[in-house]
Amino acid sequence: MESRGIEGKDEAISSSSPPTPSITLEEWRGSSSAKLYRTAVITVDRSSHALERYGSRWHQLWRKILEAFVPEGFPGSVTPDYVPFQMWDTLQGLSTYIRSMLSTQALLGAIGVGEKSATVIGATFQGSNLDSNAKMWRLVADFMNDLGMLMDLVSPLFPSAFVAILCLGSLSRAFTGVASGATRAALTQHFALENNAADISAKEGSQETMATMIGMALGMLLAHITRGHPIAVWVSFLSLTMFHMYANYKAVRCLSLNTLNNERSSILLQYFMQNDKVLSPEEVSRREHVFPLWASWHGSSNVESLHRHVYVAVKVSSLKHSDMMELSRSASTHYKRAKYLLLERKGVVHVINHKEATPADILQSYLHALVLANLMGKTQSLHAESRVWMDGHYPVFIAKLKSAGWATERLLSPSIVWRADWVCSPSDEKIN
């Protein structure tokens, strides 16, 4: 789907071409299509660019504060019993925390305060990225837990910074609690083939209890053996930490998730475009990253990095006038019946989803963007060729994904909260 090439497009439009249509876009925010609110209206033609914002800054600030404590898309993204359960659960947790504060030393109480604060911070910055990158966050959570334990071990060596180091360790473990809890839930759903997530979770609790009991016994034995030998303590700790990280890496590598996130979609699509075949979840598992891309020591192939050229759910009020004019042209020619718009700029494809787009529409928009990104540098008519590919191959691709065991209901992608509505002249027809 190659468009006319961003620079080439303007050159291709001659004075004899029909006038560029104007476009009016409404910017909407919210994860659930039933719980969206309008944030801006942008009207653009060749000579003007009008932007009208809705909602006060205090309202936007309140929404951001609220999102730190409730799931994305709340309340439409949760069941009706979520609020009463969370209310009572928070109250009992608060009472437990207060009783713990009363029965412990002031230092431990201060560490506990730091832990709660870190939970809020972690929940704010991670969001749904935990679901879409469960493998990576599982490793990150274990690393942060090891870091917290290291802080505890180091703290006696620096008496003047003893409290500060312990608090840093507490922050690390609080981050671990947020990340490991969320990824555990995602993995439990993955394991539940017969809607038995509760049973799997209960059995996992039993396994952890047994492992904890054995670990405590061995730990007390090791502590007795190494007592008074600091070098032995450090050697034992570092050796066990290395083994712990290795075991977690192997565990994550064993997982063959069948959900479609940004990277797995990229790997699957490019392999299909090259070979007309679909990889299995096991084959994709061996190709995808489990570490953050910046922490990967091996070079990324084109297949693995293609998704890095696609931005999902772009905020339309942040686009330039030239970008809006390009959207106006493409909306009236290439995306008349689509619930999304694509914009290519400087090697990056921006995806704008319609406010009524379904999960299936969002998945299609992302795969279409990947096709367009794959065609960059190979053609001068990206949008036209990508649309031809989608019309001829997309239904076949989705059918083969389902046959290979992939879940094609939705795309696991972080922060799909910005949407839009648009009207293009001269037709003046809203898409439905």
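About the thresholds
- Residues numbered from 1 in each chain as written.
- Predicted model: local features only at pLDDT ≥ 70, side-chain atom pairs only at ≥ 80, totals over all residues.
- Heavy atoms only, no water.
- Pairing = 2+ DSSP bridges.
- Helix = DSSP H or I, 4+ residues; strand = E, 2+ residues; numbered from the N terminus.
- Contact = heavy atoms within 4.5 Å.
- Axes fitted to C-alpha atoms, helices over the stretch in contact; angles between N-to-C directions.
- Core = buried A, V, L, I, M, F, W, Y, C linked by side-chain atoms within 4.5 Å.
- Buried < 20%, exposed > 50% of the residue type's maximum accessible area, 1.4 Å probe, protein only.
- 1 Å grid on protein atoms, 1.4 Å probe; cavity = no way out; pocket = protein on both sides within 12 Å on 5 of 7 lines; lining within 4 Å.
- Points joined across faces, edges and corners; volume = space filled by probe spheres on them.
- Nonpolar A, V, L, I, M, F, W, Y, C, P; charged D, E, K, R; others polar.

A. The sheet that holds strand β5 (residues 310-311), seen in detail. The 3 strands lie next to each other as β5-β7-β6, forming an open sheet whose pairing is mixed. Looking at the sheet topology across the chains shown, the edges are occupied by β5 and β6 (340-345). Note: β5 against strand β7 (residues 348-353), 2 bridges, orientation parallel. The partner of Tyr 311 across the bridge, within β7, is His 350. Here helix α13 (residues 321-333) sits on the sheet and contacts β6 and β7; the angle it forms with β6, its principal contact strand, is near 130 degrees. Lying over the sheet, helix α14 (residues 359-375) contacts β5, β6 and β7, oriented at roughly 25 degrees with respect to β6.

B. Geometry of the nonpolar core. Counting residues in hydrophobic clusters, the biggest one holds 57 residues, and the most contacted among them are Leu 268, Val 310 and Ile 352. Among the elements that line this core, the one with the most residues is α14, at 10 residues. Ile 352 has contacts with Val 314, Val 316, Leu 319, Leu 327, Lys 339, Tyr 340, Leu 341, Ala 420 and Trp 422, leaving out every residue within four places of it along the chain. Core analysis: the second largest hydrophobic core is formed by 8 residues, Leu 130, Met 136, Trp 137 and Met 144 among them.

C. Fine view of unusual backbone geometry. Residues other than glycine seldom take positive phi values, yet Asp 276 does so here, at roughly 60 degrees. Note that Asp 276 resides in the loop between α10 (262-275) and α11 (281-285). Relative accessible area serves as the criterion here: at 44%, Asp 276 is assigned to the partly exposed category. Non-glycine residue Lys 346 carries a positive phi angle of around 55 degrees.

D. Just the layout of surface pockets, in detail. Empty space within the second largest pocket amounts to approximately 880 Å³. The wall of the second largest pocket is formed by 24 residues, among which Arg 138, Arg 184, Glu 204, Glu 208 and Asn 248 lie closest to the centre. Secondary-structure elements contributing two or more residues to the lining of the second largest pocket are α6 (134-154), α7 (162-191), α8 (197-226) and α9 (230-254). By residue number, the principal contributor to the lining of the second largest pocket is α8, which donates 8 residues. Across the lining of the second largest pocket, the residue classes tally to 9 nonpolar, 8 polar and 7 charged.

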